[in-house]
Every structure is written in C-alpha cells, then in structure tokens.
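# Commentary on secondary and tertiary structure
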Amino acid sequence: MNRLPDVRTRDNQAQQIQDAVSNVEKHFGLLCQLLAAYIRKTARLRDKADSLVKEISIYADTETPNLKRGLKSFAVELANIQDYRTAQVERLEAKVLEPLKSYGTIVKLKRDDIKAALLAWSRESKQMAQLEKTRQRNPSDRHIISQVGSSLEVS
C-alpha cells in the first residue's frame, strides 16, 4: 500500500478539476444567458428608437418649415445613433456571445475527458488491488505475479 498517498493526491486533483469545470459550466452558462438578454434588450431599444425616428419624421411633415427642419435634423441624428446601436448589437453577438457559446462546448469536452481519465484511474486501482491480492495469496509464484503486473503495465 505504498501507493496510497498517490491515490489520495490523484483523487484530490481529480475532485479539484471536476469542481473547477462545474464552476465554469455554471457561471459561463449564466453569463451567456445574461449577455443574450442584454443584447436582446439593446436590440429592442434600437427598434423603439427607430419607431421614434419614424414618428418624428411623420410629425415634422405636418409642422412649419423651421420646426420641420429642426425635427428632421433631430430624427437624422437619432437614426445615426441607432446605427451605432445596431453595430453594438452585431459586435456583441459576434465577438462576445459566440466565443462564450463555443466555450460551453469546450467545457463539455473537458468533462468527458475527466470522466475517461477517472475511469482509467479506477481500472488501474482495481488492477493494483488485484496485484496486491495475488502477491499476498501466492508470494512465491512469480509467474502469476509477473503476468498480473505486466497486464497492469499494458493498461
């Protein structure tokens, strides 16, 4: 049982890695949801402002020439601001949200890798226990011990 500290260390490391992956999975999921909600609200704000620009232009057509010119100018500037808001929405989706979404896939792959590693460690531990049992039952039978040991090294 001289490998017991290694097993404990390995189990602790595996648990820390699993906790880190779970933490990332939880928080990145929440970040993606909140960011998507922010982007949707920004897009809705842009849509409302576009409606406002349209209504200002309609109203401007019914007013006197001086007020009409001022309202049209205001509508044009407000429309320009909404163009920036459109660019903001598109950039947030492309440069922030999409990479976060892809990170979710990476986290899932890492979780699968961890499961595979834990299975391999479990198999190795079982084989080590089998080797120890064989050594205790037949300490003089080197042939069987070497067979079990070689199967452990192969795996």
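Since we're looking at a predicted model, the values are computed, not measured. (Residues numbered from 1 in each chain as written. Predicted model: local features only at pLDDT ≥ 70, side-chain atom pairs only at ≥ 80, totals over all residues. Heavy atoms only, no water.)

### Some words on the side chain of Thr42
Mapped onto the elements of the fold, Thr42 is located in helix H1 (residues 4–60). By relative accessible area, Thr42 is classed as buried at 7%. Discounting chain neighbours no more than four positions away, the residues touching Thr42 are Arg85, Gln88 and Val89. (Helix = DSSP H or I, 4+ residues; strand = E, 2+ residues; numbered from the N terminus. Buried < 20%, exposed > 50% of the residue type's maximum accessible area, 1.4 Å probe, protein only. Contact = heavy atoms within 4.5 Å.)

### Observations regarding the environment of Tyr84
Inspection of the secondary structure assignment puts Tyr84 in helix H2 (residues 65–137). Looking at Tyr84, the relative accessible area reads 67%, which means it is exposed. A C-alpha to C-alpha distance of 9.4 Å links Tyr84 and Arg46, two positions 38 residues apart in sequence.

### Brief notes about the packing of aromatic side chains
For the structure shown, the criterion picks out one aromatic pair. A centroid spacing of 4.8 Å and a plane angle of 35° characterise the contact between Phe28 and Tyr103, whose relative ring orientation is tilted. Of this pair, Phe28 sits in helix H1 while Tyr103 sits in helix H2, and the two are 75 residues apart along the sequence. Classification of Phe28 as partly exposed rests on a relative accessible area of 27%. Taking the relative accessible area as the measure of exposure, Tyr103 reaches 35% and is therefore partly exposed. (Phe/Tyr/Trp six-rings, centres within 6.5 Å; stacked < 30°, edge-to-face > 60°.)

### With respect to the nonpolar core
Judged by nonpolar contacts, Cys32, Leu35, Ala36, Ile39, Ala43, Val89, Leu92, Leu97 and Leu100 together constitute the single largest core of nine residues. Of all the elements in the fold, those that place two or more residues in this core are H1 and H2. A per-element tally of this core places H1 first, with five residues. For Leu92, the residues in contact, after removing those within four places along its chain, are Tyr38, Ile39 and Leu97. In terms of nonpolar packing, the next biggest core, distinct from the first, is built from six residues, Val53, Ala60, Ala75 and Leu78 among them. (Core = buried A, V, L, I, M, F, W, Y, C linked by side-chain atoms within 4.5 Å.)

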